[in-house]
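Coordinate inspection notes
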Amino acid sequence: MSDTLFTKIINREIPADIVYEDDLSLAFRDIQPQAPVHLLIIPKKPIVTINDMQEEDKVLFGHLFYVARQLAGEMGFAEDGYRVVMNCNEHGGQSVYHVHLHLLAGKPLGWPPYTEKLKV
Ligand code: AMP
């Protein structure tokens, strides 16, 4: 299988504004930010979607959340608040098929993501 965009960022084959890296993960600024702070936190392991997560990946996914929490503290928006989101497949709005946690912050964020009226 050919490398995704995000594997190319991990391998420094294409540029990105990288803010954090460790053995398991990389965090960089989203190229089309949807909030004043919009980071993507990705595992170095190329897992395609949440549906492809294996039991052995549980700790790795927890690590992505831990990196989000650390960056929120270091970048100074932990107390004001922030959102972490992982989109899955078409209905979830996934466009890059290498799992990634969006970390959004810097202003009050809109909710809900679904705007059509729901039958209750
Ligand atoms: P998703 O739609 O959840 O799959 O999120 C993919 C995200 O990757 C989008 O928010 C894009 O703006 C972002 N993106 C795509 N290409 C790049 C890139 N080269 N560098 C940084 N972010 C990117």
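Report on the accompanying structure. None of the values given here were measured: they were computed from a predicted structure.

**Overview of the site of the ligand**
Close to the ligand lie 16 residues; D30, N87, S95, H100 and H102 are nearest. H100 is positioned such that a nitrogen or oxygen atom in its side chain is 2.9 Å from an oxygen atom of the ligand. Contacts to the ligand include H102, whose side-chain N or O atom sits 2.8 Å from an oxygen atom. When atoms are counted within 2 Å of each cavity's grid points, the one that captures over half of the ligand is the largest pocket. Within the residue set of the shell around the ligand, elements represented by two or more residues are α1 (5-10) and β2 (25-29). Broken down by element, the residue count for the shell around the ligand peaks at three residues, all from α1. For the shell around the ligand, the class distribution of residues is seven nonpolar, seven polar and two charged.

**Digging into the pairing of strand β3 (residues 37-43)**
Counting buried positions along β3 yields seven of seven residues, so the element is predominantly enclosed. Here β2 runs beside β3; their pairing, made up of five bridges, is antiparallel. What sits directly across from F28, in β3, is L40.

**Some details on the sheet that holds β3**
Strands sit in the order β1-β2-β3-β5-β4 across an open sheet of five strands; the sheet is antiparallel. At either margin of the open sheet sits one strand with a lone partner, and together these are β1 (18-21) and β4 (82-85). For this sheet, the mean angle separating the axes of adjacent strands, direction not counted, is 20°. As defined by bridge partners, β4 adjoins strand β5 (residues 101-105) across four bridges and the pair is classed as antiparallel. Note on β5: the bridge partner recorded for Y82 is A105. Against the sheet, helix α2 (residues 58-75) contacts β1, β2, β3, β4 and β5, and its axis sits at roughly 150° relative to β3.

**Describing the packing of aromatic side chains**
Scanning the model with the defined rule gives two aromatic pairs in all. The interplanar angle of 75° and the centroid separation of 5.4 Å between the aromatic rings of F6 and F28 together place this pair among those described as edge-to-face. Of the two residues, F6 is situated in helix α1 and F28 in strand β2; the sequence distance between them amounts to 22 residues. When its relative accessible area of 2% is taken as the criterion, F28 is described as buried. A centroid spacing of 5.8 Å and a plane angle of 70° characterise the contact between F77 and Y82, whose relative ring orientation is edge-to-face.

**Quick look at α2**
Look at α2: 26 Å from first C-alpha to last across 18 residues, which is about the 26 Å you get at 1.5 Å a residue. Within α2, the full set of buried residues consists of L60, F61, H63, L64, V67, A68, L71 and A72. Looking one or two residues past α2, G76 carries a phi angle of roughly 90°, positive in sign.

Cut-off values and rules
- Residues numbered from 1 in each chain as written.
- Predicted model: local features only at pLDDT ≥ 70, side-chain atom pairs only at ≥ 80, totals over all residues.
- Heavy atoms only, no water.
- Near = heavy atom within 4 Å.
- Polar contact = N/O pair within 3.5 Å; in protein donor to acceptor, adjacent residues only side chain to side chain.
- 1 Å grid on protein atoms, 1.4 Å probe; cavity = no way out; pocket = protein on both sides within 12 Å on 5 of 7 lines; lining within 4 Å.
- Sits in = over half its atoms within 2 Å of the grid points.
- Helix = DSSP H or I, 4+ residues; strand = E, 2+ residues; numbered from the N terminus.
- Nonpolar A, V, L, I, M, F, W, Y, C, P; charged D, E, K, R; others polar.
- Buried < 20%, exposed > 50% of the residue type's maximum accessible area, 1.4 Å probe, protein only.
- Pairing = 2+ DSSP bridges.
- Axes fitted to C-alpha atoms, helices over the stretch in contact; angles between N-to-C directions.
- Contact = heavy atoms within 4.5 Å.
- Phe/Tyr/Trp six-rings, centres within 6.5 Å; stacked < 30°, edge-to-face > 60°.
- Expected span 1.5 Å × (residues − 1).

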